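Chain and residue survey
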Amino acid sequence: MDDQTSILKDQLYSACEQKLDPDGEGEKAYDRLFSQDDLFSLDVVPPKDLKTLMKLISMLTNDYLFIPVNTNNGPAWRLRPEIEAAKYSSLSVNQRMIYSLIDNAGADGVWNQQLRLRTNMEENLVKKVLKELEGKRLISSFTHVENAARKMWIKSSIKPSLKATGGAWFTDGDLDESLIGMISEVVYTLVKKHGAYFSDGSRSKARDGSISPVLPKKVIKGSTSDAALAARGKKRTADDMEVDGAPEVPVSPSKARKAKSGPVLLPMPAGYKGYITVPELTAQIARSNVTKGTKLKESDIKQLLDVLVYDGRIEYVKVGKREGYRASRISKQDPTFNVSLDTVDTDEPRHNGLTTAPCGRCPVFDLCEEGGPVWAGGCEYFDRWLI
Amino acid sequence: MIVTKNAAELCVLLIGELYGQLPSRLFAVLLAKGRSTIKHLAQNTSMGPRMVRHGLVVLTQQNLIYHYTDPDTSITHFEANSEAAYNIVRHGKILNIIHRNYGEDSARLVHQVLNLGHVKISDLAKQYKTARQEPGTANGAANGISSDTADNDSDYEGEALDMVAQLIAVGILEPVNARTFQSPEDVRAGIEKDIMESYPSGVRGAKQKADFFQKSAEAWKEYQDESRELKRQLEGHYLFGPGAKRRKLANGSKTNGFKATNTHMLDEEKREVAVRVNYDKCLVELRNHRLTRYVADEIGEVTAQVYEAALSALAKNVNICQASEKSNEDTFVTRSVTTMEIFENLRPGLDVSSGIGKAPPTKINAKSAERIQANQPGHDAEGEGEDMSEDDDDDDDDDDIEMSNGVQSNGVHETETKITSGHNGSRETKVKFEENVPVAPTKADRLQQMRQHLLLLAESNRRFIRHCGMRDQGEWTVDFDSLMRTLKYSEIDTLIEQTFGKPGLRLTRILRAKGKLDDKTLPALALMKKADVHVKMVEMELAGFLEVQEVPRDNNRTASRTLFLWFFEEEKLLTRVTDNTYKSMVRHLQRLEVERRRKKNVLAVVERKDVQGMEEEKLRGDVYNEYREFLDIESKLLGQVDRLDDLVSVFQNY
């Protein structure tokens, strides 16, 4: 190797490096590919001097500074940073083979088994080499979310990809449920706060007054006809029915304010623009620093919001072009904020006929039959329910 | 209604509860064996034909069976009407809703009709009079129309006639004719047979076939119009005529609904018409009530009341809940109502200014709130999207809002609110809210405040109401189909949440939104551990809430090489849950029977004529307590049956 080619080689490499970072911002896009024409256009090698270029390229490849890549438009080359290349030169042949595989796999990592198959080495040898590389702190192992049993290897200088770790909600390959729970609560509280009107209950008396509750009439002096009618369950006397439509006496505001019946949350008027959006939520959570360092991206928050929507806790609302979220069934929500989602149900649970009766949740409902092992007359769930 | 084993059992039990063992046994046989003659029935029940006839009379009177006499052989076939039998469970609710919407006296009248099955108008009026004159005794008497000769007190009779006319006009009562007692299939067959007579050589060729179908469709429509003719005559006067407005105002607020005596609407001839309760229309009213409750749950009580007003304004045009064979096209078109019409239906006592939070006008995007959706979403999804993007463009330019909301909710000390009506902004009203000064809201304020509730309803994801036009301060309509779908889902969700907890709800809702999903994607979307997801899914699959499909990736069909796709099959689940609900109702009624047997001794004493009506005085202390206990259990069981029926209604009928 004469001096001139050596100089040319360095020139070519630095010219390529320059190309990677044309603005001089310090961030180099190492995944950019150079074709033969690209290399000629750098003005390092005289035009049409294929022989010299080939020589230079093979030298650079041998120095691990160039990585040959096959593309649809013929061969091309990728650059490897000099520090990385230096690592290669200190390795043995076997180590180099394994390391290059791990290097090429990038952030996704490689599985032990795959290394063995690709290199055609003995399993023991692979193990040995991996151990050596690990000793040199060149590679490290991690677990993949989708396959926790597989031992995956990655360069120690980079972090596993999102696909491999599962995203922000995973810690060491495990779903971090406590983190999810905590952030959910924060998100939910924020959504609730921004999408509802907090009324201290000053007017709620007037509000409640507009409907009279249905009070079941007690059959104390019930006549037989009463009892018989009740027996059929369909007819009730007129007194039982809701007295409705009686004109409401307007309650004066001052009087109403005295009679507080507890704070409530009220829905916002239609077209309200204050419903919190994903970017706003992300910013607020970042500011509050609840995640202690781990940065949550908008996509992470969106994922969490989706889950809350599926849970029926919040709902998506689009006002104009603003896509926000608000708590669902707002007037049924607990008006106090900062409640834990796990410990208490934040809203009045819904019920229907099947959830309140014993039959709806009976474990042996399918067996229940007149004359069978389980039947209505001897049902212990009914016994308990009717007491 | 699909008559499953449980549904059949339920119908029989209900008839047994109300009309006794004889009719219920006959009905059971009719359900099990299908169309039968008296001979067959006698054979299958091991009863004499005389007994069978007795039972059939009761069933026919209540319209619980269809009968059809073959004109050639003059043999009569009987067939069970399971819908009618099931509707027995709704009697109480129907009376309740009529009392609510049309006043106490109307409810009393309908009660009579329900007791009697079907009855001539003149007899009904007489019966009503007797009931009013001696309220104690006549109430329970179901059979035998006691003809009272005292004609001097004709006020009650006139009142009754007027109410009947009104109820027919509204559609709660409907006249019966001979064909009402035939099953729809028989009627159709009869119609087709009549038409066939004009084709002596049979229907041949495409042209004749089309002709035939058109004729039979026309005849079918004619048949349906027949029963509506009286309604049509009356509704001109009662719903849209000069007297309509006065009545409408009287409806809700006064218990004694319509006390006008223009009995001339029902002349002597018309009084001979027999009427029965039209369950279809009653279901419409019940559905309105159910939807109101739904809104109360989702948004709030005041908004629900506004919604109720909107629904009752709409209900005038809605005679049946679901478009089916029974209805012809034109009756099912849901028309829109204007804001003014809704306003007229609004209860005067309702404080429409409450129930919505307040926000500064700058925070309101009026354009988005007032967005008009002329077409049903889904029908014209593309167009809607474009509309929205246009809106968006506008928003960029003018962020200052010209409309402030007229809703000032809580203790505003001195606020001036500028109300301009919507887009046109032609009218401006200044409202001053001051503390301690009872503000009598003007009509315009109330109207604007009510509109806010309507807009809120329109904005909701549930699509309670659709703002479909600008005429007369806005037109509104309700897309019942899609709304009932969401209501069904919400009931299923409740069931799932209560049975499997929040995680179960989350997983099923993901599946509903995304379709079929495999084991890998589901945990990622739900942010749950794979093992937890698996346990939950299997649990729900075993309970029949979810389905799983196996897709082998290669020919080996080993478990490891197979994709397991979970999915949520709505139809199947609905049928299943409905049937479970029937079964549950059956169990409640059976349990009631058991409880009755347990307290046989007490009930025997209570049944005695000298004890009836004064149990408290006549019964010994411990016996009376036991009786009270029984009544508690009874009301609990029957109340639960009613709630279960709510579910069935949502799943099947609304």
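Residues numbered from 1 in each chain as written. Chains lettered and ligands numbered in written order. Predicted model: local features only at pLDDT ≥ 70, side-chain atom pairs only at ≥ 80, totals over all residues. Heavy atoms only, no water.

Under the annotation held in an unreviewed UniProt entry, chain B carries the name DNA-directed RNA polymerase III subunit RPC3 and is attributed to Pseudomassariella vexata. UniProt, in the comment section headed Function (unreviewed entry), describes chain B in these words: "DNA-dependent RNA polymerase catalyzes the transcription of DNA into RNA using the four ribonucleoside triphosphates as substrates. Specific core component of RNA polymerase III which synthesizes small RNAs, such as 5S rRNA and tRNAs." The UniProt entry for chain B carries the following text under Subunit (unreviewed entry): "Component of the RNA polymerase III (Pol III) complex consisting of 17 subunits." (UniProt positions renumbered as here; feature names shortened; annotations may be inferred.)

As recorded in an unreviewed UniProt entry, chain A goes by DNA-directed RNA polymerase III subunit RPC6 and comes from Pseudomassariella vexata. For chain A, the Function (unreviewed entry) comment in UniProt is given as "DNA-dependent RNA polymerase catalyzes the transcription of DNA into RNA using the four ribonucleoside triphosphates as substrates. Specific peripheric component of RNA polymerase III which synthesizes small RNAs, such as 5S rRNA and tRNAs." If you open the UniProt record of chain A and go to Subcellular location (unreviewed entry), you find "Nucleus".

What follows is about the pattern of salt bridges. The full count for this structure, using the stated rule, is 48 salt bridges over all chains. R35 of chain B is the salt-bridge partner of D186 of chain B, the closest N and O atoms lying 3.1 Å from each other. With D186 of chain B in helix 11 (residues 184-196) and R35 of chain B in the loop between helix 2 (21-33) and helix 3 (38-45), this pair connects stretches of sequence that are 151 residues apart. Since its relative accessible area comes to 10%, D186 of chain B is described here as buried. Bridged by salt links that share partners, the residues E315 and R326 of chain A together with E298, E459 and R462 of chain B form one connected network. (Salt bridge = Lys/Arg side-chain N within 4 Å of Asp/Glu carboxyl O. Helix = DSSP H or I, 4+ residues; strand = E, 2+ residues; numbered from the N terminus. Buried < 20%, exposed > 50% of the residue type's maximum accessible area, 1.4 Å probe, protein only.)

Residues and elements named next belong to chain B. It is the contact of helix 15 (residues 279-298) with helix 22 (residues 480-514), at a shortest axis distance of 12 Å, that shows an interaxial angle of 60°. On the basis of their axis angle, the class for helix 15 and helix 22 is oblique. Judged by the sense of rotation from one axis to the other, the crossing of helix 15 with helix 22 is left-handed. Where helix 15 approaches helix 22, its residues R287, R290, L291 and Y294 are matched on the opposing element by F480, L483, M484, T486, L487, S490 and E491. Its residues assigned to classes, the contact of helix 15 with helix 22 comprises six nonpolar, two polar and three charged. (Axes fitted to C-alpha atoms, helices over the stretch in contact; angles between N-to-C directions. Parallel < 35°, antiparallel > 145°, perpendicular 65-115°, else oblique. Left-handed = near helix turned anticlockwise from the far one by under 90°. Contact = heavy atoms within 4.5 Å. Nonpolar A, V, L, I, M, F, W, Y, C, P; charged D, E, K, R; others polar.)

Attention shifts here to the UniProt feature "domain: RNA polymerase III subunit RPC82-related helix-turn-helix" (unreviewed entry) in chain B. Here, UniProt's "domain: RNA polymerase III subunit RPC82-related helix-turn-helix" (unreviewed entry) annotation points to residues 9-65 of chain B. Overall, residues 9-65 of chain B shows 79% helix and 2% strand. The separation of its end C-alpha atoms is 16 Å.

Let's shift gears to the packing of aromatic side chains. Residues and elements named next belong to chain B. As enumerated under the stated definition, the model contains ten aromatic pairs over all chains in all. When the centroid spacing of 5.8 Å and the interplanar angle of 65° are considered together, the rings of F212 and F213 count as edge-to-face. A relative accessible area of 9% means that F212 is categorised as buried. For F213, a relative accessible area of 51% corresponds to the exposed category. A ring pair is formed by W220 and Y223, whose centres lie 5.2 Å apart and whose planes are at 45°; its orientation type is tilted. Highlighted residues: W220 and Y223, both in helix 12 (residues 205-238), separated by three residues, approximately one helical turn. Its relative accessible area of 17% is what places Y223 among the buried residues. (Phe/Tyr/Trp six-rings, centres within 6.5 Å; stacked < 30°, edge-to-face > 60°.)

Backbone hydrogen bonds hold the strands of a sheet together, and the pairing may be parallel or antiparallel. Residue and element names in this part refer to chain B. Taken together, three strands build an open sheet; the order of strands is 11-13-12 and the sheet is antiparallel. What marks the edges here is a single partner per strand, and that holds for strand 11 (517-518) and strand 12 (547-552). Pairing geometry for strand 11 and strand 13 (residues 562-567), over two bridges, is antiparallel. Bridged to L517 within strand 13 is W566. (Pairing = 2+ DSSP bridges.)

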